[in-house]
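Here are the chains, one letter per residue:
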Amino acid sequence: MSDRLNVLKTYKLYVGGKFPRSESGRVYEVTDAKKNWLANAPLSSRKDARDAVVAARKAFGGWAGATAYNRGQILYRVAEMLEGRRDQYLREVAEAEGLSKSKAGDQVDAAIDRWVWYAGWTDKIAQVVGGGNPVAGPFFNLSSPEPTGVVAVLAPQESSFLGLVSVVAPVIATGNTAVVVASEKSPLPALSLGEVLATSDLPGGVVNILSGRTAEIAAPLAAHQDVNAIDLAGADEALAKELEIAAADNLKRALRPQPVDNWAATPGTDRMTAFLETKTVWHPTGSLGASGSAY
């Protein structure tokens, strides 16, 4: 009979590529579907939210300026890392959502595939939503998508991993940086995702992960003047309305929560285009030769 003690995992926030404890020093208990204790998770404060926004803004220039192909490579690397830790996520998702190992495995596999799917879109979305526009006059008129900026993302409450990936990946695939508020009742898969991101090629600050009370963390993010958009996927109707009002103060883009029956379904491009701006450039065509013909 072994007298060895298990080494319990200490979950931390993921901010600016590092793993700080909450500034408040607070934690809260996370339990499984049967109310059995799993771990203590950091209970983030307003200060943690502000620090995460600072980190996301600092990382935005480099990430938005990277080539789409490079962003795709990095997202694919994240998928590789997730594949290598599949057993860990299977256990965490099964405990968080009360699923059998088989069903939890399906959720984890779908989440990994979702990363690969968005990795493939990074250098293709511009061709779908951008292009040349016909105009009356000797001009080229070209529209191209650009990232909105810093996006606050409230992760879905029920789908602790697949739902999380489905709202985070499209934000960063298009060149935005993210401040993610993990599922309040099931934050452990999200906090473990930070460990994967830190050991992939993703620059620090591109994704920042907070855990705690969703309403408490989301309020300062919605009102923050340096947050450009907010995804309200993890907010209920009442909270979403409050956050939309706060977000209107600096004209943030707000994506209202939509009912999702199956997070594994093909997502389409809506979550990518929701956080893109369109830049249109006019350029004179000039003329060819003495005949005056234009190209």
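Before reading on, note that the structure itself is shown above.
Figured I'd write up the structure that's included with this text. (Residues numbered from 1 in each chain as written. Predicted model: local features only at pLDDT ≥ 70, side-chain atom pairs only at ≥ 80, totals over all residues. Heavy atoms only, no water.)

Some details on the nonpolar core
Part 1: Ranked by internal contacts, the top residues of the largest apolar core, which has 61 residues, are Leu-82, Trp-115, Phe-161, Ile-172, Val-180, Val-207 and Ile-209.
Part 2: The residues touching Ile-172, leaving out its near neighbours within four places in the chain, are Trp-63, Arg-71, Leu-75, Trp-115, Ala-178, Leu-202, Val-206 and Val-207. (Core = buried A, V, L, I, M, F, W, Y, C linked by side-chain atoms within 4.5 Å. Buried < 20%, exposed > 50% of the residue type's maximum accessible area, 1.4 Å probe, protein only. Contact = heavy atoms within 4.5 Å.)

Brief notes about the packing of aromatic side chains
Part 1: If you walk through the whole model with that rule in mind, you get 4 aromatic pairs.
Part 2: With 5.2 Å between their ring centres and 40° between their planes, Tyr-14 and Phe-19 make a pair best called tilted.
Part 3: Under the relative-accessibility criterion, Phe-19 is labelled partly exposed at 33%.
Part 4: Taken together, the ring pairs in this structure connect Trp-117, Tyr-118 and Trp-121 into an aromatic cluster.
Part 5: Note that Arg-57 overlies the ring of Phe-60, its terminal NZ or CZ placed 5.6 Å from the centroid. (Phe/Tyr/Trp six-rings, centres within 6.5 Å; stacked < 30°, edge-to-face > 60°. Lys NZ or Arg CZ within 6 Å of the ring centre and 35° of its normal.)

A closer look at the environment of Leu-251
Part 1: Inspection of the secondary structure assignment puts Leu-251 in the loop between helix H9 (237-247) and strand E9 (253-255).
Part 2: Judged by relative accessible area, which is 75%, Leu-251 ranks as exposed.
Part 3: Sequence separation between Leu-251 and Asn-228 is 23 residues, and the spatial gap between their C-alpha atoms is 7.9 Å. (Helix = DSSP H or I, 4+ residues; strand = E, 2+ residues; numbered from the N terminus.)

Considering the sheet that holds strand E4 (residues 139-147)
Part 1: The strand order across the open sheet built from 3 strands is E3-E4-E10, with neighbouring strands paired in antiparallel fashion. Both outer strands of the open sheet, strand E3 (131-132) and strand E10 (276-284), are each paired with one neighbouring strand and no more.
Part 2: The pairing of E4 with E10 spans 9 bridges and is classified as antiparallel. Paired with Phe-140 across the two strands is His-283, which belongs to E10. (Pairing = 2+ DSSP bridges.)

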